[in-house]
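# Geometric and topological summary
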Amino acid sequence: MRTFLAVLAGLAVIYFGATGRSADEGGGISGGVVLLALAAALLVWNLTKPGDKPVK
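## Here we look at the packing of aromatic side chains
Ring pairs (aromatic) are described by centroid distance and by the angle formed between their planes. Scanning all chains against the criterion turns up one aromatic pair. Their ring planes at 75° and their centres at 5.1 Å tell us that Tyr-15 and Phe-16 sit as a pair that is edge-to-face. Judged on exposure class, the residue Tyr-15 and its partner Phe-16 are both exposed. Across the ring face of Trp-45, the terminal group of Arg-2 is positioned such that the distance to the ring centre comes to 3.8 Å.

## What to know about the UniProt feature "transmembrane region" (unreviewed entry) in the chain
Per the UniProt annotation, the sites labelled "transmembrane region" (unreviewed entry) are residues 32-48. Along residues 32-48 the backbone is 94% helical and 0% strand, and the end-to-end C-alpha distance reaches 24 Å.

Calculation notes
Residues numbered from 1 in each chain as written. Predicted model: local features only at pLDDT ≥ 70, side-chain atom pairs only at ≥ 80, totals over all residues. Heavy atoms only, no water. Phe/Tyr/Trp six-rings, centres within 6.5 Å; stacked < 30°, edge-to-face > 60°. Buried < 20%, exposed > 50% of the residue type's maximum accessible area, 1.4 Å probe, protein only. Lys NZ or Arg CZ within 6 Å of the ring centre and 35° of its normal. UniProt positions renumbered as here; feature names shortened; annotations may be inferred. Helix = DSSP H or I, 4+ residues; strand = E, 2+ residues; numbered from the N terminus.

What follows is the structure, encoded as structure tokens:
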């Protein structure tokens, strides 16, 4: 489940980064968008980490 959410977050950043560009800027995605997608995926991976304590 963690992997699915991390990949989904990365793909969402890439999607919105690619569709938010105007036509005169050219197609494709920039390196900054790829790095931002990687950072988002790592953040989701870290935030969905299970805790050390058992649930009461």
